[in-house]
Structures are given as structure tokens and as C-alpha cells.
Amino acid sequence: DIAFAVALPALIALLIGTAAIYGAVYIARWLDDCGYHIPGAVRIAQHHNPYFVDAPTDTDWYPAGAETFAALFVFALRSINATNATGAICFASLCAIVYAAAGLWTSNLVVRLSCVLCTGTIPLLLGQSLAFYVDIHFTVLVCAALWLQAASLVRRRADYAWAALVAAILTASVKYSG
């Protein structure tokens, strides 16, 4: 069908364009990551007390698992820009989880890759993969827990359910602490 052949690339271009614009606007504010997430990750990487950060948003801040994860990159690479690597890793992980989740119901490569494309062009997700935001780390564990639970039901294996429970419990420690 010729209408589908024209409409699909136009829709994909619209989604990618919208995601890029929204991602750029979202990142341009730099409030969330520069306000307290990055200072916390840097303090952890410098072996300082992570339970106090001199940040403009609050002074009684407790780091979550995402800051500790980012601190590993800051420590290893000796660069504050390394915090962005965690967003890229989470983005790639989320795409892999979506691909695997789609594989629970179909082996059609086009369908599975379409699911990844739809997920990868979510504007807020794209924006959070370009800078250090805790929410993308949280999202990866939530999606991993959901995929593991679905895999447990589809494949009838209890070990996936136990892994889903572990991922769900760890989810809270990535975003919240204290």
C-alpha cells in the first residue's frame, strides 16, 4: 500500500524530530542534574561524605543508587561529564529490555524493532539519556522487573519471578534513599 509506505517514514521522522526538540528543551534547563545529582556523584567519587551536598536545591540530601553508579564513572574517568554515560547505558539497556519483552510474544524482527523505536523516541526518555537524571535509572529497573515477571508467566519459570522481585526491591534504592 502506497499510503502506508509514505505515512510510516513521515511518522518516524515526526517522532524523532519531536523527541530531539523536546529533549533539547528539557536538557537546556540543567536544573535537576546540576542542582544536586551531579554534585552528589562527584562527592562520592572523591570519597567525600555523600550525605551532605552544597547544592542550590537542598542541603540535607541523601544519595540514591543512581548517584553511586555515576560516581564509578566519575572516579574512573576523572571527568564530571562521565555522569552522562550512565544515561546512555540506561537508554541502551532499556532498548534491550523492550526488544526482549517484545520477543516474549513475537519473533518478527520488524515488530520487535518497532517496539524499540517507539520506546527510544519517547521525548522525556531521550532527554534523560542526554544528561544525568535519576529517573532513567529508575525506569530501567521498573521495566526489567516487568519483563522478568512477564517472562516468568510466559515461560512458566519461577526463577524469573524471583529476579523480578529483586529488581523491584532494588528499584526504590535507585531513586530514593534516606
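Everything below is about the structure shown above.
All values derive from a computational prediction rather than experimental measurement. (Residues numbered from 1 in each chain as written. Predicted model: local features only at pLDDT ≥ 70, side-chain atom pairs only at ≥ 80, totals over all residues. Heavy atoms only, no water.)

### With respect to the overall build of the protein chain
- Helix and strand content of the protein chain: eight helices and zero strands.
- Residues classed as buried in the protein chain amount to 35% of the 178 residues present.
- Excluding contacts between residues fewer than 6 apart, the proportion of contacts in the protein chain whose partners are at least 24 apart in sequence is 62%.
- Carbon and sulfur atoms form 71% of the exposed surface of the protein chain, whose accessible area is close to 10,100 Å². (Helix = DSSP H or I, 4+ residues; strand = E, 2+ residues; numbered from the N terminus. Buried < 20%, exposed > 50% of the residue type's maximum accessible area, 1.4 Å probe, protein only. Contact = heavy atoms within 4.5 Å. Areas by Shrake-Rupley, 256 points an atom, 1.4 Å probe, with all protein chains shown as cover.)

### Focus: the nonpolar core
- Ranked by size, the top nonpolar core spans 15 residues in total, and within it I97, L104, V140, W147, L148, A151 and Y160 carry the most contacts.
- Sorting the residues of this core by element identifies α4 (83-103), α7 (134-155) and α8 (158-175) as the ones contributing at least two each.
- Here the element with the most residues in this core is α7; it accounts for eight residues. (Core = buried A, V, L, I, M, F, W, Y, C linked by side-chain atoms within 4.5 Å.)

### Here's the deal with helix α3 (residues 65-77)
- For α3, with 13 residues, the first-to-last C-alpha span of 19 Å sits near the 18 Å given by 1.5 Å per residue.
- The set of residues buried in α3 consists of A66, E67, A70, A71 and V74. Along the long axis of α3, the arc covered by the buried residues comes to 135°, so they all point the same way. Turned more than 90 degrees from where α3 packs its buried face, L72 and A76 sit exposed.
- A positive phi of about 55° marks R78, the residue just after α3. (Expected span 1.5 Å × (residues − 1). Arc of directions from axis to C-beta.)

### A short note on the side chain of R112
- For R112, the location among the structural elements is in helix α5 (residues 109-120).
- Buried R112, no salt bridge; nearest opposite-charge side chain is D159, N-O distance 17 Å.
- Apart from residues no more than four positions distant in its own chain, R112 is found in contact with Y99, A100, A102, G103, T106 and S107. (Lys, Arg positive; Asp, Glu negative; His and termini not counted. Salt bridge = Lys/Arg side-chain N within 4 Å of Asp/Glu carboxyl O.)

### Focus: the pattern of salt bridges
- Applying the stated criterion across every chain yields a total of one salt bridge.
- In this structure, the salt-bridge partner of R157 is D159, at a minimum N-O distance of 2.6 Å.
- By relative accessible area, which is 40% here, D159 ends up partly exposed.

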